[in-house]
Protein chains: 2
Amino acid sequence: MKDLKKYIRTIPDFPKKGILFRDITPILQNNQLFKEVIEIFKKEIPKDIKKVVAIESRGFILGAAVAYLIGAGFVPIRKSGKLPWKKIKMSYNLEYGTDVIEIHEDAIKKGEKVVLVDDLLATGGTAYASAKLIEKCGGIVRKILFLVELEELSGRDKLKDYDVFSLIKF
Amino acid sequence: MKDLKKYIRTIPDFPKKGILFRDITPILQNNQLFKEVIEIFKKEIPKDIKKVVAIESRGFILGAAVAYLIGAGFVPIRKSGKLPWKKIKMSYNLEYGTDVIEIHEDAIKKGEKVVLVDDLLATGGTAYASAKLIEKCGGIVRKILFLVELEELSGRDKLKDYDVFSLIKF
């Protein structure tokens with residue numbers, strides 16, 4: 001495996017001052033690296049998974065390719081107001097204020113085993129709320145996968161009740 | 001092949017009054033249908049494609065799985081302000097006002113053959129602007145693929161210079 005870390009582009013002060021943004025697009029646009037990441041994710045996923053749930057919108061990229069590869073269905077979790085039809089909601093705290101995420105109420109069957117996928121683990125707030133949302137639907141979160149983990153933000157502590165995997169650590 | 005059309009959920013007045021929204025998530029969440037769609041897309045794609053370019057954000061779901069399957073790199077086109085780093089922009093007209101989409105300036109090499117993927121062809125405005133954006137980068141749009149086409153909106157006329165494929169027509 002190539003050193004994936006050196007393909008992450010770091011952009012200072014994006015999207016706002018003081019944030020070091022970790023841009024994964026150089027990995028995605030490289031066909032060999034993209035393939036490698038998806039296949040590593042597959043190895044981390046238990047055998048009995050029926051759905052891959054991914055968080056808008058970079059999570060969709062990794063989650064959809066993984067869902068195809070393991071032969072699972074794909075379920076999006078989106079920000080408030082983006083999904084049509086009947087939804088289950090979960091609100092969670094941000095640094096300032098709150099945010100709301102939603103999932104379709106028919107997306108996951110009771111007792112269905114799923115994995116959750118996103119591009120980046122920072123504070124873990126969105127992933128934690130997503131896991132709770134899946135559980136509210138009756139689903140079982142067997143694993144949470146990230147491409148990048150920002151270790152100093154301790155998102156893994158917030159997700160301590162879950163089996164968490166990340167491929168690239170900063 | 002099952003009749004995919006009956007798995008599209010139609011929601012009246014979403015996201016605003018008078019719009020019949022075609023919801024593709026029942027196909028995505030069904031592992032067999034999702035697989036089938038991605039494999040049909042693959043059959044439509046010429047052999048020499050190096051990159052799959054997809055439009056935020058439902059386009060990411062189909063585009064990423066297709067990119068993995070054909071062994072191509074994945075390139076996102078996003079709404080203004082979402083991509084970090086150096087970008088090329090394209091503005092286009094909406095019913096009221098204009099919108100701007102962006103691509104990374106290193107995403108496509110000069111002369112590279114790409115396919116463009118999105119979930120839905122309506123008026124074709126976003127897809128047309130995306131194709132022009134790819135060409136501005138030096139890329140060659142060999143095919144544009146959609147899951148759903150709303151024929152009465154004549155998006156195909158707008159894309160008449162391109163090879164367009166859609167799987168489900170309304």
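Residues numbered from 1 in each chain as written. Chains lettered and ligands numbered in written order. Predicted model: local features only at pLDDT ≥ 70, side-chain atom pairs only at ≥ 80, totals over all residues. Heavy atoms only, no water.

### Thoughts on the nonpolar core
And then number 1: If you look at the biggest cluster of nonpolar residues, it comprises 68 residues, and the most contacted ones within it are F34 and F41 of chain A together with F34 and F41 of chain B.
And then number 2: Contact partners of F41 of chain B, with chain neighbours within four places excluded, come to L62, V66, V117, L145, F146, L147, F165 and L167 of chain B. (Core = buried A, V, L, I, M, F, W, Y, C linked by side-chain atoms within 4.5 Å. Buried < 20%, exposed > 50% of the residue type's maximum accessible area, 1.4 Å probe, protein only. Contact = heavy atoms within 4.5 Å.)

### Quick word on the interface of chain B and chain A
And then number 1: Counting residues at the interface gives 40 residues for chain B, matched by 40 residues for chain A.
And then number 2: Regarding the contact of chain B and chain A, the summed buried area is about 3200 Å², with carbon and sulfur atoms giving 62% of it.
And then number 3: Linking chain B to chain A there are 2 salt bridges.
And then number 4: One salt bridge connects R9 of chain B with D106 of chain A, and the closest N-O pair in it is separated by 2.8 Å.
And then number 5: For the interface between chain B and chain A, the tally reads 14 residue pairs in polar contact (both at pLDDT 80 or more).
And then number 6: Its residues assigned to classes, the side of chain B that touches chain A shows 21 nonpolar, 9 polar and 10 charged. (Buried area = accessible area lost by both parts, 1.4 Å probe. Salt bridge = Lys/Arg side-chain N within 4 Å of Asp/Glu carboxyl O. Polar contact = N/O pair within 3.5 Å; in protein donor to acceptor, adjacent residues only side chain to side chain. Nonpolar A, V, L, I, M, F, W, Y, C, P; charged D, E, K, R; others polar.)

### Brief notes about helix α3 (residues 58–70) of chain A
In an α-helix, one full turn covers 3.6 residues, which means residues spaced three or four apart are oriented alike.
Residues and elements named next belong to chain A.
And then number 1: Taking 1.5 Å of rise per residue, 13 residues should cover 18 Å, and α3 covers 19 Å from first to last C-alpha, within 8% of that figure.
And then number 2: For α3, the tally of buried residues reaches 10 of 13 residues, placing the bulk of the element in the interior.
And then number 3: Every buried residue of α3 is listed here: G59, F60, I61, L62, G63, A64, A65, V66, A67 and Y68.
And then number 4: Where α3 ends, the next residue or the one after it, G71, has phi of about 75°, a positive value. (Helix = DSSP H or I, 4+ residues; strand = E, 2+ residues; numbered from the N terminus. Expected span 1.5 Å × (residues − 1).)

### Points about unusual backbone geometry
And then number 1: With an omega dihedral of -15°, the bond running from E56 of chain A to S57 of chain A counts as a cis peptide bond.
And then number 2: Structurally, S57 of chain A is set in the loop between β3 (51–55) and α3.
And then number 3: Cis geometry is adopted by the peptide bond preceding P15 of chain B, which originates at F14 of chain B and carries an omega value of -5°.
And then number 4: Tracing the backbone shows P15 of chain B in the loop between β1 (9–12) and β2 (20–23).
And then number 5: With a phi angle near 55°, S154 of chain B is a residue other than glycine that sits in the positive phi range.
And then number 6: Under the relative-accessibility criterion, S154 of chain B is labelled partly exposed at 34%.

### Re the relation of the copies chain B and chain A
And then number 1: Placing chain B over chain A gives an RMSD of 0.0 Å and needs a rotation angle of 180°, together with 0.0 Å of translation along the axis. Between the two chains, the operation in question is that of a two-fold axis. Across chain B, the rotation axis passes nearest the C-alpha of A65 of chain B, at a separation of 2.0 Å.
And then number 2: Interface overlap between copies is the fraction of interface residues in one copy that are interface residues in the other; for chain B against chain A it reaches 100%, indicating a shared surface. (Least-squares fit on C-alpha atoms with pLDDT ≥ 70 in both.)

### Description of the packing of aromatic side chains
All names here are of chain A.
And then number 1: Counted under the stated rule, the structure contains 8 aromatic pairs over all chains.
And then number 2: Ring geometry for F60 and F74: centres 5.8 Å apart, planes at 85°, overall edge-to-face. Taken together, the positions of F60 in helix α3 and F74 in strand β4 (residues 73–79) put the pair 14 residues apart, joining distant regions of the chain.
And then number 3: For F60, a relative accessible area of 0% gives the class buried. (Phe/Tyr/Trp six-rings, centres within 6.5 Å; stacked < 30°, edge-to-face > 60°.)

Take it as geometry only, folks, not as evidence of what the structure does.
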